[in-house]
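Fold and contact review
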Amino acid sequence: MHGAPGPDDWSCIVSVLDEVLSANEAYAADFDKGDLGMPPARRFAILTCMDARLDPAKYAGLSEGDAHVIRNAGGRASDDAIRSLVISYKLLGTAEWFVIHHTNCGMEFFTDEAIRGLLASSLETAALGDEGFYDVGEGPGSQEANNIAFLTISNLEDSVVEDVTRIRNHPLVPAGIPIYGYIYDVTSGKLVEVPAATGAGSVATAGSAA
Ligand SMILES: [Zn+2]
C-alpha cells in the first residue's frame, strides 16, 4: 500500500500505455496459442487478490488456457466473484476451486468507515502515514461509498474460512466441487493451507451438511 501514485504522478499513465502496447506487440509476435479451447483445460479456478505482488500464473504454474483466475481486492467471495465461479463450473466445466488470500494484504489496513470517510473528503489518492490513510485532496468527494461493502479483512485465516464457507453454502454451487483455502506468503512465494477452510470446503462436509 506504500508508494501509491499521487496526483503529481498521473502523467506516468501515458508512458505505461506505451509500455503495455509495446509489450503486447512482442507477445503477439510469436503467439502460438490461437487454437486453445474456451473451457479451462485443467478444469479448475482460483479466486485471489488483485495485489500486484501476486502472479497466479507463476505461483500456481498456469499457462494460457489452463484455469480461470478471478481477482478482486482481497480475493473475497463477493457476489460478483460467485457470479464468475458459477459460470466457471456451469458453462465451462471447472471442478475444483481455490480461494487464495495473502499475507500483508492491503485489505487488512482499512475499514469501511475509513475509506468511506476518505472518499467523502475527495476523490484523489490518499496518503499513508503512521496513523493510517489520510486525505490530501481537494473536494468534493462523494457519499456513494456508503453503498459499497469493501469486504475488508481483520484476520487472514478467518477471511479464507469465511469465503470458502460462503461459496460452499451458496445455493448455486454444487456440493461436489472441492474448495481449497490457502494463504500466499508474499515474503516466500509459498502457498500455505488454511486447514479449517479446506475442511469447510471439502466435498464430504458439504455432503453431510446438506
Ligand atoms: Zn491483497
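As a reminder, the structure under discussion sits directly above these lines.
Let me begin by describing the structure that accompanies this report. (Residues numbered from 1 in each chain as written. Predicted model: local features only at pLDDT ≥ 70, side-chain atom pairs only at ≥ 80, totals over all residues. Heavy atoms only, no water.)

Concerning the pairing of strand β2 (residues 68-72)
We apply this condition: Each residue's exposure class comes from its accessible area (1.4 Å probe, protein chains only) as a fraction of the maximum for that residue type: buried when under 20%, exposed when over 50%, partly exposed otherwise. Helix and strand definitions here come from DSSP, where helices need a minimum of 4 consecutive H or I residues and strands a minimum of 2 consecutive E residues; each element is numbered from the N-terminal end. In this analysis, strands are considered paired if DSSP registers two or more bridges between them.
Alternating residues of β2 divide into His68, Ile70 and Asn72, all buried, and Val69 and Arg71, none buried. In the sheet, strand β1 (residues 44-49) pairs with β2 via five bridges, with the strands oriented parallel. By the bridge assignment, Cys49 is partnered in β2 with Asn72.

Quick word on the pattern of salt bridges
Selection criterion: By definition, a salt bridge exists where a carboxyl oxygen of Asp or Glu is found within 4 Å of a side-chain nitrogen of Lys or Arg.
Evaluation of the coordinates by the stated rule reveals nine salt bridges. Among the salt bridges present, the one from Arg76 reaches Glu162, with a minimum N-O distance of 3.4 Å. On the criterion of sequence distance, the pair formed by Arg76 in the loop between β2 and α3 (79-90) and Glu162 in helix α5 (residues 156-168) is long-range, its members being 86 residues apart. For Arg76, a relative accessible area of 5% gives the class buried. The shortest N-O distance in the salt bridge between Arg76 and Asp163 comes to 2.7 Å. Note that Arg76 is positioned in the loop between β2 and α3 and Asp163 in helix α5, a separation of 87 residues in sequence.

Describing the layout of surface pockets
The criterion, for reference: Throughout, the protein atoms alone are placed on a 1 Å grid, and a set of points is a cavity if a 1.4 Å probe fits but cannot get out or a pocket if it is open with protein on both sides within 12 Å along at least five of seven lines; lining residues have an atom within 4 Å of a point. Grid points are joined across faces, edges and corners, and a volume is the space filled by probe spheres set on the points.
When its volume is computed, the second largest pocket comes out at roughly 190 Å³. Forming the boundary of the second largest pocket are 14 residues, of which Ser63, Glu64, Gly65, Asp66 and Ala67 lie nearest the centre.

Some remarks on the nonpolar core
For clarity, the cut-off: Nonpolar core, defined: a set of buried Ala, Val, Leu, Ile, Met, Phe, Trp, Tyr and Cys residues in which side-chain atoms within 4.5 Å join the residues together. Any pair of residues with heavy atoms lying within 4.5 Å of one another is described as a contacting pair.
Residues Leu47, Trp97, Val99, Val160, Val164 and Ile167 are the most contacted members of the largest nonpolar core, which totals 37 residues. Mapped by element, the contributors of at least two residues to this core are β1, α3, β3 (96-102), α5, β6 (179-184) and α6 (195-200). Apart from the residues within four sequence positions on either side, Leu47 is in contact with Ile70, Asn72, Gly75, Arg76, Ala77, Ala81, Phe98, Val99, Ile100 and Ile167.

Considering the coordination of the zinc ion
As a reminder of what qualifies: Each metal site lists N, O and S donors within 2.8 Å (3.2 Å for Na, K and Ca). With water left out of the atoms, a site can look as if it is missing ligands.
Around the zinc ion, the protein supplies Cys49 (SG), His102 (NE2) and Cys105 (SG) as donor atoms, at distances of 2.0 to 2.3 Å. Read in sequence order, the donor residues coordinating the zinc ion give the pattern C-x52-H-x2-C. In this pair, Cys49 is assigned in strand β1 and His102 in strand β3, connecting sequence segments 53 residues apart. His102 carries the same exposure label as Cys49, and that label is buried.

What about the environment of Phe109?
On the secondary structure map, Phe109 appears in the loop between β3 and α4 (112-121). On the basis of relative accessible area, Phe109 is assigned to the partly exposed category, the value being 45%. In this structure, the C-alpha to C-alpha distance between Phe109 and Ser154, residues 45 residues apart in sequence, is 8.3 Å.

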